[in-house]
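So you can see what is in the structure, the chains are spelled out below.
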Amino acid sequence: MQGGEGDIDVGACRRQVVKGLCARMVGARFSDLAKRADPPFLGAGAQHGLFVRTTETTILSASVRDEGIARGLEALFTENERVARFGFTQTELDRRKTALLRQMEQAVAEKDKQESSRYAAEYT
């Protein structure tokens with residue numbers, strides 16, 4: 001991330017990493033809920049990003065069975081509220097950080113195989 005000419009905006013980069021970790025931790029919780037007997041949804045996810053240049057947004061989504069919309073929404077909102085009130089456990093954070101580091105290490109190891117369109121999209 002660039003701040004000024006050639007400068008790296010470390011604060012902005014850190015915020016982006018933290019938001020990504022949070023979305024992944026919420027996603028892991030949703031995944032756990034989906035694996036239960038009689039789950040409230042088939043699958044669910046969370047994303048955080050820019051909606052329009054300066055407007056940030058958080059998106060919660062779920063796939064539900066027929067007649068399961070209310071139950072699926074309730075589960076999404078309940079888990080989101082639990083995160084807002086109590087945050088995450090150290091174990092959840094450690095697991096996601098480890099996964100992110102592995103992903104970054106793999107990206108570096110395979111950097112010559114990446115298409116330039118991926119980099120262009122990230123810069124944009």
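Not measured: the values here are computed from a predicted model.

Criteria and cut-off values
- Residues numbered from 1 in each chain as written.
- Predicted model: local features only at pLDDT ≥ 70, side-chain atom pairs only at ≥ 80, totals over all residues.
- Heavy atoms only, no water.
- Helix = DSSP H or I, 4+ residues; strand = E, 2+ residues; numbered from the N terminus.
- Buried < 20%, exposed > 50% of the residue type's maximum accessible area, 1.4 Å probe, protein only.
- Contact = heavy atoms within 4.5 Å.
- Patch = residues over 30% accessible without salt bridge, like charges linked within 9 Å, V, L, I, M, F, W, Y side chains within 5 Å.
- Areas by Shrake-Rupley, 256 points an atom, 1.4 Å probe, with all protein chains shown as cover.
- Salt bridge = Lys/Arg side-chain N within 4 Å of Asp/Glu carboxyl O.
- pLDDT = per-residue confidence, 0-100.
- Axes fitted to C-alpha atoms, helices over the stretch in contact; angles between N-to-C directions.
- Left-handed = near helix turned anticlockwise from the far one by under 90°.
- Nonpolar A, V, L, I, M, F, W, Y, C, P; charged D, E, K, R; others polar.

A.B. asks: Would you explain the overall build of the chain in this entry?
C.D. replies: Scanning the chain from terminus to terminus reveals four helices and two strands. Listed by position from the N terminus, the elements making up the chain come as α-β-β-α-α-α. A buried classification covers 19% of the 124 residues belonging to the chain. Long-range pairs, those at least 24 residues apart, make up 44% of the contacts in the chain between residues at least 6 apart in sequence.

A.B. asks: How should I be thinking about a nonpolar patch on the surface in this particular structure?
C.D. replies: Together, Val17, Leu101 and Met104 make up an exposed nonpolar region whose accessible area comes to about 250 Å². One can find Val17 in helix 1 (residues 10-34). Look at Val17 and you get partly exposed, because its relative accessible area is 31%.

A.B. asks: What should I look at first to understand the confidence of the model for the chain in this one?
C.D. replies: Caution is warranted with low-pLDDT regions, since their predicted coordinates should not be read in detail. For the chain, mean pLDDT is 86; residues scoring 70 or higher make up 87% of the total. Of all the helices and strands in the chain, helix 4 (residues 116-123) carries the lowest mean pLDDT, 65, while helix 2 (residues 69-86) carries the highest, 94.

A.B. asks: Explain the packing of helix 1 against helix 3 (residues 90-109) here, please?
C.D. replies: Put simply, helix 1 and helix 3 touch, their axes get as near as 10 Å, and they point 115° apart. Helix 1 and helix 3 meet at a crossing whose hand is right-handed. Contact residues: helix 1 offers Val17, Leu21, Arg24, Met25, Ala28 and Arg29, while helix 3 offers Glu92, Leu93, Arg96, Lys97, Leu100 and Gln103. Taken together, the residues that form the contact of helix 1 with helix 3 break down as six nonpolar, one polar and five charged.

A.B. asks: Would you take a moment to explain the pattern of salt bridges for this structure?
C.D. replies: Under the defined criterion, the tally for this structure stands at six salt bridges. Here Arg85 and Glu81 are joined by a salt bridge, their closest N and O atoms 2.7 Å apart. In this pair, Arg85 and Glu81 both sit in helix 2, four residues apart, roughly one turn of the helix. Judged by its relative accessible area of 38%, Glu81 falls in the partly exposed class. Sharing partners across several salt bridges, the network here consists of Arg29, Glu79, Arg82 and Glu92.

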